[in-house]
Amino acid sequence: MEEVRSSTAWVSTHSSHVTVDFSGIEKVAETMKNTLPKVEWDFEGIHYFDNGPLTVQYLLVLDTLNFCFWPDEDLSYDHLASGLKATLESDKTAFDADRLQKYTGPQLRKMLNWPRPLPLEDERVRLLHEVGLELERSFGGKASKLVESCDKSAANLVALIASHFPGFRDHTVYKGHQIFLYKRAQIFAADLWGAFKGQGYGDFEDISSITIFADYIVPAVLQQLGVLRYSSSVASIIKKNTEITSGSEEEVELRACSVYAVEQMKELISKKTGKQVLSVELDLWLWAFGIKCPSLQHHRTLSIYY
Ligand SMILES: Nc1nc2c(c(CN[C@H]3C=C[C@H](O)[C@@H]3O)cn2[C@@H]2O[C@H](COP(=O)(O)O)[C@@H](O)[C@H]2O)c(=O)[nH]1
C-alpha cells in the first residue's frame, strides 16, 4: 500500500485544481479527538454473512461490481449489496465460478431486482466473467483460497488481486507519474476485516496499511468539512453535474488528495489521542456521513474503478 500512499502524496504537492487544507484537517482532528469515530461495518444491515467461505465469495462478487451507481439516480450501493444477498440466500451456488462466467446483463439486473439496464452493465458483466474465470483457473473457483494464500496480509491481498484480475487495477498516469488508488481491491480487504471482525478470513496483521477508498462520496464529504478546497472551475463542474473524464487531472486530484488528506488526518488524530486510528475506520465514518446527506454534490466520472 506504500505505492498508494506515496503516489497520492505526490499528486497533492503537484495539484492544480484541488488543495488539501491543513487547517481543515486540524479542525476535524480536534473535534474527533474526544469521540473517535466508530461506525459498525454493515450498519445498514444489507450484506450477506454466514461466517464462512461463501461470505468471502459474496464479498468478492460485491466488490467486483462496487462502482458507478450515480448515472441511474435511483440506484445505489444498497441495491447491489442487498440484491446479491437475496440472490445467494435463494441459491447458494449462484456465485460459483462457472456460473459467474455465464451471467448476462438481464440476469444481473434480475439479481438486483432492477427494472432497467444498469449503468455500465456490459462492463459489469465482463468483470463478473473475468473474476469467475480467474478464480477457476488459479484458486479452485474459491475466493476463500485467494484470501488464505495472503498470509494474513491485506497488502498481499491487494497485490494478489491486482495481479490476477485486470479489472481491479485502479491506477493511472498523472503529470507523467503512475498513481495508485486500488479502491475496489482495498475495499475488499476492508470488507473482509469488517465482516469477520478481524478474525478468520478477516484477520490481517497489517490492516493499518490500507488507505481510504477513493470514490465519489468521500471527496465530497472532505470538501464539505473544509479539508479539501476546489478551484472555481472544479467547483462549477461539480455544481453543474458535468461529467469529469476518467484520468483527467481534476479527477485524479479529487481522488488522490482525498487519500492523502485522510492519511494526514489519521496521523494527527493518533498524535492527539495517543491511540492508533485506522484509515478504514475513518473511511467508514466519512462515507456513512456522506450517504446520509442526499444534498451532497459529488463529481461524476464514468469509471469501473469506483
Ligand atoms: N469510500 C467508500 N466508498 C464506498 C463504500 C461503500 C460501501 N461499503 C460498505 C462496507 C461496510 C459498510 O457497511 C458499507 O456498506 C460503497 N462505496 C462507494 O460509494 C459510492 C456509492 O454511493 P451511492 O451511489 O450513493 O450508493 C460508490 O462509489 C461505491 O463504490 C465505503 O465503505 N467506503
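Looking at an unreviewed UniProt entry, one finds the protein named Queuosine 5'-phosphate N-glycosylase/hydrolase, with Nicotiana tabacum as its source organism. Of the protein, the UniProt comment under Catalytic activity (unreviewed entry) reads exactly: "queuosine 5'-phosphate + H2O = queuine + D-ribose 5-phosphate".

**Q** Looking at this structure, I do not really get the pattern of salt bridges. What am I missing?
**A** Should their charged atoms come close, side chains of opposite charge can pair. Tallied over the full model, the rule gives 18 salt bridges. We note a salt bridge from lysine 272 to glutamate 30, for which the minimum N-O separation is 2.6 Å. Note that lysine 272 is positioned in helix α13 (residues 249-273) and glutamate 30 in helix α2 (residues 22-32), a separation of 242 residues in sequence. Residue lysine 272 is classed as partly exposed on the basis of its relative accessible area of 30%.

**Q** How should helix α12 (residues 232-239) be read in this particular structure?
**A** Quick reminder: α-helices carry 3.6 residues per turn. Residues three or four places apart thus point the same way. Here α12 has its buried residues at Val234, Ile237 and Ile238. Relative to the axis of α12, the buried residues are bounded by an arc of 95° and lie together on one face. Facing away from the buried side of α12 by more than 90 degrees, the exposed set consists of Ser232 and Lys239. Asparagine 241 sits one or two positions beyond α12 and adopts a positive phi of about 60°.

Rules used throughout
Residues numbered from 1 in each chain as written. Predicted model: local features only at pLDDT ≥ 70, side-chain atom pairs only at ≥ 80, totals over all residues. Heavy atoms only, no water. UniProt positions renumbered as here; feature names shortened; annotations may be inferred. Salt bridge = Lys/Arg side-chain N within 4 Å of Asp/Glu carboxyl O. Helix = DSSP H or I, 4+ residues; strand = E, 2+ residues; numbered from the N terminus. Buried < 20%, exposed > 50% of the residue type's maximum accessible area, 1.4 Å probe, protein only. Arc of directions from axis to C-beta.

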